[in-house]
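Descriptive structure summary
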Amino acid sequence: MDYIIHKTIGTGRFVAAYQLGVPRNGLYTLKITDKTTTDVSERDIRDGVEAAIDKLRHIHIQHCFAYHIDEHRRLLLLLEPVKHSLLDAIRQKPFHHFYLLRQAHRDQSLLWFAQMADGVQYLHAQNICHRDLRTDHVFLDENDDVKLGDLGLLNKQETRAKSFNFFGGVFNEPCYMGPEMFNNEKYTSKTDIWSLGCVFYEVFYGKPAFVYSEAKQIFVKKKMPAFRYRDVYVLIGQMLEIDREQRIDAKSVVKHVNSLRGAEYEKPDFMPFSEVSIEWEKVTKAVKKHNNPRPARGADERGGCSIS
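No experiment lies behind these values; they were computed from the predicted model shown.

Overview of the confidence of the model for the chain
When pLDDT is averaged across the chain, the result is 81; 79% of the residues are at 70 or more. The low-confidence segment residues 159-171 (pLDDT under 50) makes 57 contacts with residues lying over four places distant or belonging to another chain. Throughout residues 299-308 the model reports pLDDT below 50, and contacts reaching past four residues in sequence, or to other chains, amount to 7 contacts.

As for the layout of surface pockets
Its boundaries defined by the atoms lining it, the second largest pocket holds a volume of some 230 Å³. In terms of lining, the second largest pocket is formed by D2, Y3, I4, I5, K282, K285, A286, K289 and H290. Within the residue set of the lining of the second largest pocket, elements represented by two or more residues are β1 (4-11) and α9 (280-291). Take the lining of the second largest pocket: its biggest share by element is 5 residues, from α9. Tallied by class, the residues present in the lining of the second largest pocket amount to 4 nonpolar, 1 polar and 4 charged.

Quick look at helix α4 (residues 103-125)
For α4, which comprises 23 residues, the first-to-last C-alpha distance of 33 Å matches the rise-based estimate of 33 Å (1.5 Å per residue) to within 8%. N127 sits one or two residues past α4 and shows a positive phi near 65 degrees.

Observations regarding helix α5 (residues 189-205)
With 17 residues, α5 should cover 24 Å at 1.5 Å per step; its first-to-last C-alpha distance of 25 Å lies within 8% of that length. The element α5 is extensively covered by neighbouring structure, given that 17 of its 17 residues are classed as buried. Phi for G206, located one or two positions after α5, is positive at around 80 degrees.

Concerning the sheet that holds strand β8 (residues 146-148)
Across the sheet, which stays open at both edges, the 3 strands sit in the order β6-β7-β8 with antiparallel pairing between neighbours. Both edges of this open sheet fall to β6 (84-85) and β8, since each of them pairs with a single strand only. Taken together, the 2 bridges between β6 and strand β7 (residues 138-140) define a ladder with antiparallel strand orientation. Bridge pairing in β7 places S85 opposite F139.

Reading guide: rules and limits
- Residues numbered from 1 in each chain as written.
- Predicted model: local features only at pLDDT ≥ 70, side-chain atom pairs only at ≥ 80, totals over all residues.
- Heavy atoms only, no water.
- pLDDT = per-residue confidence, 0-100.
- Contact = heavy atoms within 4.5 Å.
- 1 Å grid on protein atoms, 1.4 Å probe; cavity = no way out; pocket = protein on both sides within 12 Å on 5 of 7 lines; lining within 4 Å.
- Points joined across faces, edges and corners; volume = space filled by probe spheres on them.
- Helix = DSSP H or I, 4+ residues; strand = E, 2+ residues; numbered from the N terminus.
- Nonpolar A, V, L, I, M, F, W, Y, C, P; charged D, E, K, R; others polar.
- Expected span 1.5 Å × (residues − 1).
- Buried < 20%, exposed > 50% of the residue type's maximum accessible area, 1.4 Å probe, protein only.
- Pairing = 2+ DSSP bridges.

What follows is the structure in structure tokens.
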């Protein structure tokens, strides 16, 4: 049986993700990241990914099964399968028509909030910062449950702003960056909370809390975007507190979300995954075949079918 790329999940400047069929094991997410653009050593990359595989065990964190660094210094990661990103879910729903009117949207949003906050609290308890929280790095599985992905793995708290994300690249998108990052201050768990607040805002209101052209101006003037829905506004406002020392922590976010939901979130137990044996040479060939399909037999140079 062959390794098969069923579809491209997403692409970026240095990153691509695919749905990969693995013989006798089913579907997985394959992520390929070009590391030639960084000065991080291969040893550091290996140490970070191996520690993540061994250490992180949480139902709302996308599990990494295996990895490979090829001759082109590309990092290949075999990850838990997902359906699409939270950003895709936002784009698929007409939030601007009903976010203030429908209880179902509020309930779904608060459930995602609870799952994201639980995952972030787990990371912070391990003394790990995510470092790249944004809606296209939060994924949904087939049951629409959250999986935090694209981790800046094993970047310990209290580190400088310029750092490396083992799963993706250099963090973070400017519109999700905490104000302290524009001053090149240390990255802490509270910086994750700012980014998470931006994600919460985008989920609930259907648009980003900030755009890059606004970012520095907003931070200098210490103004927040306009909010609606008073109780959710209070939570997001506490997460988007300019003064990092006054910003709430992950434990407080979890407690506040549970209060908004009217019940404590009870996450499913983490079920250990079986080991997966991968023939990486065949995987890279499958990716190459997917990205460079051969013309159908009989097709002419313009891509059409020849007729005799």
